[in-house]
Amino acid sequence: MTTASASTAPAIELVDVRKSFGKTEIIRGAQLSVAPGERVAIIGPNGAGKSTLFNLISGRFGPTSGEIRLHGKRIDNLVPYEINRLGLARSFQISNIFSRLSVFENLRCGLLWSMGYRYAFWKFLADLKDANDRAEALLRMIRLEHKRETLAMNLTYAEQRALEIGVTIAGGASVILLDEPTAGMSKSETARFIELIREVTVGKTLLAVEHDMGVVFGLADKIAVLVYGEVIAFDTPEAVRANARVQEAYLGSVLADQQAAEAGV
Amino acid sequence: MSTQTAGSLVAPPARSALTGRFLIWGGFAVLLAIAPLVFRSDFGITLLAQVMIAIVACLSYNMLLGQGGMLSFGHAVYTGLGTFVAVHAMVAIANNTMPIPTSLIPLVGGLAGVFFAVILGYVTTKKAGTPFAMITLGIGELVLAMALMIPEFFGGEGGISANRSAGKPFMGITFGPSIQVYYLLALYAFISTGAMFAFTRTPLGRMLNAVRDNPERVEFIGYSTQHVRYLSFIIAGLFAGISGGMAALNFEIATAEVVGSGRSGLYLLFTFLGGATFFFGPIIGAVLMVLGFALFSEVTQAWQLYLGLIFLFMVMYAPGGIASLIMMNLRVAAHKKLHRLWGWYAILFATAIVMLLGAAALIEMVYKLQLSSSSGTTLRYLGFTLDVASAASWLGALAVMVIGLVAFEAVRRRFAVVWGAIQSEIERDMTFKEPDVAAPTGGVAAAAEAEEGKP
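Predicted model, so just to flag it, every value in this text is computed and none were measured. Residues take numbers from 1 onward in each chain, read along the sequence in its written order. To read the labels, note that chains go from A and ligands from 1, taken in the order they are written. Local features in this predicted model are restricted to residues of pLDDT 70 or higher, and side-chain atom pairs are both shown and tallied only at a pLDDT of 80 or more, whereas totals for entire chains, interfaces and linings draw on every residue.

**Quick notes on helix H12 (residues 261-274) of chain B**
In an α-helix, one full turn covers 3.6 residues, which means residues spaced three or four apart are oriented alike.
Working step 1: The first and last C-alpha atoms of H12 of chain B sit 20 Å apart over 14 residues, in line with the 20 Å expected at 1.5 Å per residue.
Working step 2: The secondary structure elements touched by the buried residues of H12 of chain B are helix H3 (42-68), helix H4 (76-94), helix H6 (129-149), helix H13 (281-299), helix H14 (303-317) and helix H15 (321-334) of chain B. Per the convention used, a helix needs a DSSP run of H or I reaching at least four residues, while a strand needs a run of E reaching at least two, with both numbered from the N terminus. Take the number of residues in a helix, subtract one, and multiply by 1.5 Å to get its expected span. By definition, residue pairs are in contact when their C-beta atoms, positioned from the backbone, come within 7 Å.

Right, dumping it as structure tokens:
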């Protein structure tokens, strides 16, 4: 485990976080400390609890015990919208957008709260120049200008994934959680998409659950390995790759599989 | 009203969109102003006044149903309580205990709507989806039971009544003559419609759509879905109450049934028929509601059986209501393909008429048998004499209906193929119009590749 930088509080800190569903304990004392600006990939075998961990951090469920801190402030007792207002945004594994709204409207919905418009019903959306300019900028950033007026449900899968990221970053959160952003994408789409993620998350703290090892080693400064609800390693990609415990638990077999697959192609 | 949707379909330049909006709202105002000059009879003006009331009620209902995805079975609670409070206010004006002009009575109803929506809506909007619908049903029953239990306020079986012309005349306007009432109600309907349309263009209005589409995601972009629903429910309560106040002015009476589930069901039914997915849909529904009660009930006593039948057909074949049928055909017309459908519409219409003739004969015979059999067994139906005691009449009507149904379904299936082909042609046209899709095939993938090459 590394220690967080001394001057600032960690962007995300998990202290002995546990979560049980009924009798089954999914997260068993997870520890993690992510410094501001770090890009962390969370990897682990299926059922290790990666998505559950994201759900705990983003407030979808509360932990059974333990503490979760965002920039030093405890968030484990807060609901999702309170956590989001503190500067944490997440994307979903299955595209989770506003299907009957246009691409532009989706992005604008994503940033209204953070720009202070809240529940206003005495202002016209068309008059909110700052919000509209930012939504246009986001539209260009995720390269969907040509789909501005298309309803989200009529987008292709890859476009929906891009919009999912767009809605996530729209509010300008400083900590971004991406749950399998490239799931279901082809190889060329994935490469392009990773570039996009890198662009739109510049200067932000990034946590991403990812299966594709190419993506993991390409995108992340650090890798957290989650096995049976515990973070068994959290280090630079090189160190994790060399870690005997990780090799044994997980990575060895995955890397071997991927190398075999690539050799086979 | 429909500029938003019409605009996005035919994509006119910004200036003509503005002109279009001005034309639509101006046209709406003119229509309201001249309607009583066309329908001059007392009956006509009474109907028009009721249409005004129904427009505000159905539009406010659609803030919940169409814009917020909230299926309410108890909207009459807010219109009805608005009516009761407004009638009490009218009584107070007549007794000189309330110094406000009669023309503000709908606003009194609106405040009552807000008051009750703040209290009852808090519980209601804690949940969404099916629990929300259940709670509205429960509150509807609760309020109806209260209405019968507290005669001091609700007036018991007979209700309470007031006299709208009892206030001080203002510039000769007493609100005695129904034409004066109509113009006041038309003014309220126009302003309320404008305000409710404006609401759809505000941050809260848009977030209400987001909550309808995906409540879960809304929580992760900083919004409390419960708060969005609650605030919108209160605003819908305001307009429901205004509609109730308008009804108080028009009818000068409030009885317990105005808060009942029957009334709530009608709002749901006609808002849906008119079309919940477009802002102007409920206006069509409101007109149909008033016409249904006033005119169709004259034509046949069994008109509500027809209403149920039409509702069934709409849910199955046109879930977007009449408004979406209009908008879909306008889209086809905008791409100059509507001429290919006229023939189909004619045949569909003809087969539907055959089916309706048979069904109507059956409905009338059932109605005769069940409800007015004391006056013999025969009835006149479109020049024919049907006899509910004869098997021939039943079999004949059934045969006509079945023939119509089979023919309609056969035509509808072929029509669906043609319709689908036209829709995909339109989609293709629109894709090709996009400037950055250069490659003839594989549109989006090609665009992605092209962009990848950019620095």
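**Examining the confidence of the model for chain B**
Residues and elements named next belong to chain B.
Working step 1: pLDDT is a residue-level measure of predictor confidence that goes from 0 to 100. Looking at chain B as a whole, the pLDDT averages 88, with 91% of positions reaching at least 70.
Working step 2: Across chain B, the secondary-structure element scoring lowest on mean pLDDT is helix H18 (residues 443-452), at 37, and the one scoring highest is helix H11 (residues 225-251), at 98.
Working step 3: Scored below 50 in pLDDT, residues 435-455 makes 16 contacts in the model with residues more than four places away or belonging to other chains.
Working step 4: Under the prediction, the complex receives an ipTM of 0.91, its pTM being 0.89.

**Remarks on the pairing of strand S4 (residues 384-387) of chain B**
All names here are of chain B.
Working step 1: Between any two strands, pairing holds if DSSP finds at least two bridges. Relative to S4, strand S3 (residues 378-381) runs antiparallel, the two being bridged by four bridges. Bridge pairing in S4 links Thr378 to Asp387.
Working step 2: Where S3 folds back on S4, the antiparallel hairpin that results is connected by two residues, among which Leu382 adopts a positive phi of roughly 50°.

**Structural notes on the domain arrangement of chain A**
Interface size is often expressed as the accessible area that is lost when the parts come together.
Residue and element names in this part refer to chain A.
Working step 1: Domain limits in this description derive from either an automatic procedure or a database domain assignment. Assigned domains of chain A: these are domain 1 (1-87 + 174-265) and domain 2 (97-172).
Working step 2: The C-alpha-based centres of domain 1 and domain 2 are spaced at 26 Å.
Working step 3: Listed as interface residues are 12 residues of domain 1 and, on the opposing side, 11 residues of domain 2.
Working step 4: Put simply, the parts of the chain that give the side of domain 1 that touches domain 2 at least two residues each are helix H2 (80-85) and helix H6 (187-200).
Working step 5: No other element matches H6, which puts five residues into the side of domain 1 that touches domain 2.

**Observations regarding the sheet that holds strand S9 (residues 222-227) of chain A**
All names here are of chain A.
Working step 1: An order of S6-S7-S8-S3-S9-S10 is seen for the six strands of this open sheet, with the pairing classed as mixed. At either margin of the open sheet sits one strand with a lone partner, and together these are strand S6 (88-90) and strand S10 (230-235). Neighbouring strand axes in the sheet, compared pairwise and without regard to direction, differ in orientation by 15° on average. A fitted line through C-alpha atoms serves as each axis, taken over the contacting stretch for helices, and the angle formed by two N-to-C directions is quoted from 0 to 180°.

**A look at the interface of chain B and chain A**
Working step 1: Chain B puts 32 residues into the contact, and the matching count from chain A is 36 residues.
Working step 2: Among the elements that take part in the side of chain B that touches chain A, helix H9 (residues 203-213) of chain B stands out by supplying eight residues, more than any other.

**What about the packing of H3 of chain B against H13 of chain B?**
Residues and elements named next belong to chain B.
Working step 1: H13 packs onto H3 with a crossing angle of 135° between their chain directions and a minimal axis gap of 8 Å. Between H3 and H13, the angle falls in the class oblique. The two elements H3 and H13 cross, and the hand of that crossing is right-handed. Residue-level inspection shows Leu47, Gln50, Val51, Ala54, Ile55, Cys58, Leu59, Tyr61 and Asn62 of H3 in contact with H13, the latter providing Gly281, Pro282, Ile283, Gly285, Ala286, Val287, Met289, Val290 and Ala294. Note on angle classes: values under 35 degrees are labelled roughly parallel, values over 145 roughly antiparallel, values of 65 to 115 roughly perpendicular, and the remainder oblique. By definition, turning the near helix anticlockwise from the far helix through less than a right angle yields a left-handed crossing, and turning it clockwise yields a right-handed one.

**Notes on the sheet that holds strand S2 (residues 24-34) of chain A**
All names here are of chain A.
Working step 1: Spatially, the four strands line up as an open sheet ordered S2-S1-S4-S5, and their pairing is antiparallel. Every other strand in the sheet has two partners, leaving S2 and strand S5 (73-74) as the edge strands with one partner each.
Working step 2: In the sheet, strand S1 (residues 12-21) pairs with S2 via eight bridges, with the strands oriented antiparallel. Looking at S2, one finds that Val17 is bridged to Ala30.

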